[in-house]
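These are the residues of each chain, in order.
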Amino acid sequence: MISNSPIAPVVPAGRMARNPQPVLDLPGGLELRPWQLSDADVLVAAGQDPAIRLWNLLVVESPEDARGRIERMHERWQAEQSAIWAIARPGGGEAMGLIGWGDIDLKDGSAEIVYWILPAARGGGVVVEALKRVSRWALEDLGLHRLRLCHSVANPASCRVAAKAGYSLEGTMRSALLHADGWHDQHLHALIQGDL
Ligand SMILES: CC(C)(COP(=O)(O)OP(=O)(O)OC[C@H]1O[C@@H](n2cnc3c(N)ncnc32)[C@H](O)[C@@H]1OP(=O)(O)O)[C@@H](O)C(=O)NCCC(=O)NCCS
């Protein structure tokens, strides 16, 4: 086939879809695993947490809606569009948070992180470790080149997570995202090949 681009894709198509989504170990006896339909109630609970609603714009209408979202996570892995994990205890432990890559562009070698953790599991540095782990997966295993992390300037906890995981602050994007209380400026952080 004749390509109409002079530049080869950064990551060849198929590198995600032809493999099952991996389970990734975390320190502290936790792991990152694919979401399961039985995690639907956790997504519903996340959608009721004021901070997750505010910062992640997450609205989950019902357990049925949650199950649909989980099914779409698996479809998007197959479509090589996103890679979303549950933060959980091994052996089928209940999910306590979500982390992963949205907006994956294998051709251009980039993706954007999304994360939240339920209130009971906050305060222990779990998301920092999870972010480091999925960043290593994205750069070293998948082969992406540039990882973005965007958060409202009014969310200092997320800024601290970014900095602790090694994401450089590159600038402030003005009026970048509409939250429930209006437009927020966002920090743009990034991690690129060679930073690790
Ligand atoms: C943001 C979030 C993922 C951070 O996870 P967490 O478990 O609360 O984070 P930790 O307690 O491990 O703290 C990480 C760092 O942020 C700091 N931090 C936590 N809350 C903070 C706050 N309100 N202001 C400033 N720093 C804060 C901690 O002190 C820690 O830094 P340190 O180790 O230097 O002390 C979690 O709070 C969350 O899910 N919030 C709601 C949804 C959300 O904000 N999602 C991100 C959208 S971009």
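Residues numbered from 1 in each chain as written. Predicted model: local features only at pLDDT ≥ 70, side-chain atom pairs only at ≥ 80, totals over all residues. Heavy atoms only, no water.

You'll find the protein entered in an unreviewed UniProt entry as RimJ/RimL family protein N-acetyltransferase, with Kitasatospora atroaurantiaca given as the organism.

**Student:** Give a description of the layout of surface pockets that names residues and reports values.
**Tutor:** There is about 1300 Å³ of room inside the largest pocket. For the largest pocket, the lining is made up of 44 residues, of which Asn56, Leu98, Val114, Tyr115 and Trp116 are closest to its centre. Counting residues per element, the ones that place at least two in the lining of the largest pocket are α2 (50-56), α3 (63-78), β4 (95-105), β5 (110-117), α4 (126-142), β6 (146-152), α5 (156-164) and β7 (168-179). Ranked by residue count, the leading element in the lining of the largest pocket is β5, at six residues. (1 Å grid on protein atoms, 1.4 Å probe; cavity = no way out; pocket = protein on both sides within 12 Å on 5 of 7 lines; lining within 4 Å. Points joined across faces, edges and corners; volume = space filled by probe spheres on them. Helix = DSSP H or I, 4+ residues; strand = E, 2+ residues; numbered from the N terminus.)

**Student:** Tell me about the pairing of strand β3 (residues 83-88), and name the residues and values.
**Tutor:** Of all the six residues making up β3, six are buried; the element is thus mostly covered by neighbouring parts of the structure. Neither face of β3 is exposed, since Ala83, Trp85 and Ile87 on one face and Ile84, Ala86 and Ala88 on the opposite face are all buried. Across six bridges, β3 lies against β4 in antiparallel orientation. Each bridged residue has a counterpart across the sheet, and for Ala88 the counterpart in β4 is Ala95. Counting the residues in the hairpin turn of β3 and β4 gives six residues, including Gly91, whose phi is positive at 75°. (Buried < 20%, exposed > 50% of the residue type's maximum accessible area, 1.4 Å probe, protein only. Pairing = 2+ DSSP bridges.)

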